[in-house]
Amino acid sequence: MTRNAEVARVLKEIGLLLEIEGKDKFKPRAYYRGMRSIASLGEDIESVAKRDTLTDIPGIGKGLSEVIKSYLETGEVELLTKLRTRVPVKVLELDSIPGVGPKTIRLVYEKLGVTDLGTLEKAANGGKLSGLPGLGEKTQVQIIEGIQVVRAGLERTLLADAISAAERIENDLRKLKVVKQLITAGSTRRRRETIGDLDFLVDATEPETVMDAFVNSEGVATIIAHGPTKSSIRLESGLQVDLRVLPSDSFGAGLQYFTGSVDHNVRLRSIAQKMGLRLNEYGLYKDKKKVAGEDEEGIYKALGLQWVPPELREDTGEIEAAQNGNLPELVTMNDIRGDLHSHTDQSDGKNTIEEMLDAAQALGYQYYCVSDHTQSLTIANGMDEDRLLKRIEEIDELNASGRWKMKILKGAEVDILADGGLDIEDEVLSQLDVVTGSIHSRMKDKKETMTERVCHAMENKNIHLLGHPTGRLIGKRSEFEIDLERVFETARKHNVIMELNAHPQRLDLNAGNLRAAIKMGLKIAINTDAHRISELDNMRFGIFQARRGWLTPDDIINTCPLKKLMKSIKK
Ligand SMILES: [Zn+2]
Ligand SMILES: [Zn+2]
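Criteria and cut-off values
- Residues numbered from 1 in each chain as written.
- Chains lettered and ligands numbered in written order.
- Predicted model: local features only at pLDDT ≥ 70, side-chain atom pairs only at ≥ 80, totals over all residues.
- Heavy atoms only, no water.
- 1 Å grid on protein atoms, 1.4 Å probe; cavity = no way out; pocket = protein on both sides within 12 Å on 5 of 7 lines; lining within 4 Å.
- Points joined across faces, edges and corners; volume = space filled by probe spheres on them.
- Nonpolar A, V, L, I, M, F, W, Y, C, P; charged D, E, K, R; others polar.
- Domains from an automatic or database assignment.
- Salt bridge = Lys/Arg side-chain N within 4 Å of Asp/Glu carboxyl O.
- Helix = DSSP H or I, 4+ residues; strand = E, 2+ residues; numbered from the N terminus.
- Buried < 20%, exposed > 50% of the residue type's maximum accessible area, 1.4 Å probe, protein only.
- Phe/Tyr/Trp six-rings, centres within 6.5 Å; stacked < 30°, edge-to-face > 60°.
- Donors = N, O, S within 2.8 Å, 3.2 Å for Na, K, Ca; no water.
- Tetrahedral: all angles 85-135°; square planar, octahedral: opposite > 155°, others 65-115°.
- Polar contact = N/O pair within 3.5 Å; in protein donor to acceptor, adjacent residues only side chain to side chain.
- Contact = heavy atoms within 4.5 Å.
- Axes fitted to C-alpha atoms, helices over the stretch in contact; angles between N-to-C directions.
- Parallel < 35°, antiparallel > 145°, perpendicular 65-115°, else oblique.
- Left-handed = near helix turned anticlockwise from the far one by under 90°.
- Pairing = 2+ DSSP bridges.
- Right-handed = clockwise from strand over helix to strand, strands pointing away.

**Let's talk about the layout of surface pockets**
And then number 1: Within this model, the second largest pocket holds a volume of roughly 400 Å³.
And then number 2: If you go around the second largest pocket, you meet 16 residues; those closest to its centre are E145, M443, K444, R477 and S478.
And then number 3: Here the residues of the lining of the second largest pocket are counted per class, giving four nonpolar, four polar and eight charged.
And then number 4: In this structure, the lining of the second largest pocket is formed jointly by two domains, domain 2 (91–155) and domain 5 (333–569), each of which donates at least three residues.

**Re the pattern of salt bridges**
And then number 1: Scanning all chains against the criterion turns up 32 salt bridges.
And then number 2: Residue R84 pairs with E13 through a salt bridge whose shortest N-O separation is 2.9 Å. Residue R84 is located in helix α5 (residues 78–86), and its partner E13 is located in helix α1 (residues 2–21); the two are separated by 71 residues in the primary sequence.
And then number 3: Judged by relative accessible area, R84 falls into the partly exposed class, the value being 45%.
And then number 4: One salt bridge in this structure joins D445 and R442, with 3.7 Å as the shortest N-O distance.
And then number 5: In this structure D445 comes out as buried when scored by relative accessible area, which is 11%.

**What about the packing of aromatic side chains?**
And then number 1: Going through the model one piece at a time under the given rule, you end up with three aromatic pairs.
And then number 2: Plain terms: the ring middles of F200 and F214 are 6.4 Å apart, the flat faces sit at 90° to each other, and that makes the pair edge-to-face. Of the two residues, F200 sits in strand β4 (residues 198–204) while F214 sits in helix α12 (residues 207–215), which places them 14 residues apart along the sequence.
And then number 3: A residue is classified by how much of its surface remains accessible, and F200, at 1% relative accessible area, is buried.
And then number 4: Accessibility expressed as a relative area gives 0% for F214, which makes it buried.
And then number 5: Geometrically, the ring pair formed by Y257 and F258 is edge-to-face, given 4.9 Å between the ring centres and 85° between the ring planes.

**Structural notes on the coordination of the zinc ion (ligand 2)**
Reference geometry at the metal: tetrahedral coordination by four donors gives ideal angles of 109.5 degrees; octahedral coordination by six donors gives 90 or 180 degrees.
And then number 1: Protein ligation of the zinc ion (ligand 2) involves H341 (NE2), H343 (NE2), E413 (OE) and D529 (OD), the donor distances falling in the range 2.1 to 2.2 Å.
And then number 2: With four donor atoms in place around the zinc ion (ligand 2) and angles of 82 to 172° between them, the coordination shape is irregular.
And then number 3: Here the donor residues of the zinc ion (ligand 2) are spaced in sequence according to H-x1-H-x69-E-x115-D.
And then number 4: The metal-metal distance between the zinc ion (ligand 2) and the zinc ion (ligand 1) is 3.4 Å, with E413 coordinating both. Note on accessibility: H341 and H343 belong to one class, buried.

**Focus: empty space enclosed by the protein**
And then number 1: Taken as a whole and assessed by the stated rule, the structure comprises one cavity of 30 Å³ or more.
And then number 2: What the largest cavity holds in volume is close to 40 Å³.
And then number 3: Every residue lining the largest cavity is listed: A253, Q256, Y257, R269, L279 and N280.
And then number 4: Of all the secondary structure elements, the ones that give two or more residues to the lining of the largest cavity are α13 (251–259) and β8 (278–280).
And then number 5: Ranked by the residues each element gives to the lining of the largest cavity, the list is headed by α13, at three residues.

**Observations concerning the side chain of R313**
And then number 1: One can find R313 in the loop between α15 (296–302) and α16 (318–323).
And then number 2: Only 2.9 Å separates the side chain of R313 from the side chain of E296, close enough to count as a polar contact.
And then number 3: The contacts of R313, once residues within four sequence positions are left out, are R189, R190, Q256, T259, G260, S261, H264, E296, Y300, W307, V308 and E318.

**A word on the coordination of the zinc ion (ligand 1)**
And then number 1: Taken together, the protein donors to the zinc ion (ligand 1) comprise E413 (OE), H440 (NE2) and H468 (NE2), at separations of 2.1 to 2.2 Å.
And then number 2: Site description for the zinc ion (ligand 1): donor spacing in sequence, E-x26-H-x27-H.

**Considerations on the packing of helix α2 (residues 27–39) against helix α4 (residues 62–74)**
And then number 1: At a closest axis distance of 11 Å, the pairing of α2 and α4 adopts a crossing angle of 60°. If you check the angle between α2 and α4, you find them oblique. Between α2 and α4 lies a crossing of right-handed hand. Each of A30, Y31, G34 and I38 in α2 lies in contact with α4, whose residues at this interface are L64, V67 and I68.
And then number 2: By residue class, the composition of the contact of α2 with α4 is six nonpolar, one polar and no charged.

**Some remarks on the sheet that holds β4**
And then number 1: With mixed pairing, the five strands of this open sheet are ordered in space as β2-β4-β7-β6-β5. With partners counted over all chains shown, the strands left at the sheet margins are β2 (179–184) and β5 (220–226), one partner each. Recorded for the sheet is a direction-independent mean angle of 20° between the axes of neighbouring strands.
And then number 2: Where strand β6 (residues 230–235) meets strand β7 (residues 240–245), five bridges bridge the pair, whose relative direction is antiparallel. Following the sheet pairing, R234 is matched in β7 by Q240.
And then number 3: With respect to the sheet, α13 is in contact with β2, β4 and β7, its orientation differing from that of β4 by roughly 180°.

**Re the sheet that holds strand β13 (residues 407–415)**
And then number 1: Taken in spatial order, the seven strands line up as β11-β12-β13-β14-β15-β16-β17 in an open sheet, and their pairing is parallel. Single-partner strands in this sheet number two, and they are β11 (338–339) and β17 (524–527).
And then number 2: Strand direction decides the pairing type here: strand β14 (residues 434–438) and strand β15 (residues 465–466), joined by two bridges, are parallel. Within β15, the residue paired with G437 across the bridge is L466.
And then number 3: Strands in contact with helix α18 (residues 385–401) are β12 (367–373) and β13; relative to β13, the strand with the most contacts, it is inclined by about 165°.

**Considerations on the pairing of β13**
And then number 1: Summarising burial for β13: eight of the nine residues are buried, a large majority.
And then number 2: Where β12 and β13 come together, seven bridges link them in parallel fashion. In the strand pairing of β13, V370 is matched with K410.
And then number 3: Each parallel crossover has a hand, and the one from β12 via α18 to β13 is right-handed.

Pasting the structure below:
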């Protein structure tokens, strides 16, 4: 589906450039409409183009379909090339800053000659924005903050994007018969939220064949280095990928070394030293004799440690636990029995309830909760009491139909209002199986206000889960200011479960907060918050994050069979 995203970006860039040029008021809107249509298209755009049915897509007329065809066939669009010369502004980069839209971009370009993130930052830091018509001191501060968030996100790649790039290259390389072992090491293997570079390690009978195939991978923008034992490429997305050849008898040592983290490895080397051993990327040595190195397990064992799962290798207590033989039995995908937070086209989801249920059933779930937005979230077409009551009836019927073996749970993602109230009457909420309370508004509330709001909401006897508790979007929006310790205390008192939202951009709670939550005796629900079928697969990113937070199946509510789940969420 990646080409859909590419095409959507192209349409967006054209729309933005047209709007900034300001010659035509209506054309930009047509491009934005087309962009949204392609971004939410349930089918591969290339297949649609091949069938020559692009104009069947809502919002795609003849003009846009020509643009799309040209891009898919040649990678270029004449109109875009011309626009970029006429308006030399990095519009997509600027538009990604929270609080900055086409109007602001046009203004700062015309008045201050701002063309990209760097020049905007300079202007903002120099206090030049607040003098412009319609832009105050407050907006200027917001823009400076927004730039920082974007910068942090630009330097690193989201784990999910890194993994999909890694898997594409890996799958191709694995087809080569000369490859014996191939693995992605580094922070990707440790499942960090964001990734700097990708590091592949390979053990192969003919390394040069692998290197040649690697530098010729699809999507390579530049070949940085092409050698017999190490090569580096940069993908079109900007991500750098390194491939190293390791000898078979050192593969485990290399894997351990290149997986990191640096802090974890420093501790291992010092343990080795105290035992009169020496550890490096080739193996573990006693004088000149190699005592381990072929596999990782052998190295940890020789150092008197349990093998440490990569997600824990951050030197935050895992070494001591491995020495004492009490590392946690981390949760895996196989432990998950259902998903408690998902959307349909009743609110802002893309698929019908039946489509979502079919897809969830295919994952082998025992239960699945449909939890659309409620009325305050008007932009998401949230449901009011009447619609929710109809939904309840509908789900009763779907359950009775026997079409799905799993239990369909009646849910809602209710908005937590400014005063901590919920936006649906208790009378209706009490008829639902799972109620998730979430903050979707007034995200800039002061710490005290936000904490009060959330704690007050959790006192409602109908709320079971707190959705995406800190509200962050990695690289886009910082966490709310909120006193999580107080939130956790209140949650424990009122038996509210904390969500680990598995969306790759949320991963909310983060690993440190998860550890703190379970230490306080709270339970966690790992939910996809899927807005379309494909997002049900995000469960794995939730599992990765849960493992980084030291979570075992016992800490997680949706590892329970249905009966136990219903019993334990009861208030
Ligand atoms: Zn939400
Ligand atoms: Zn949601």
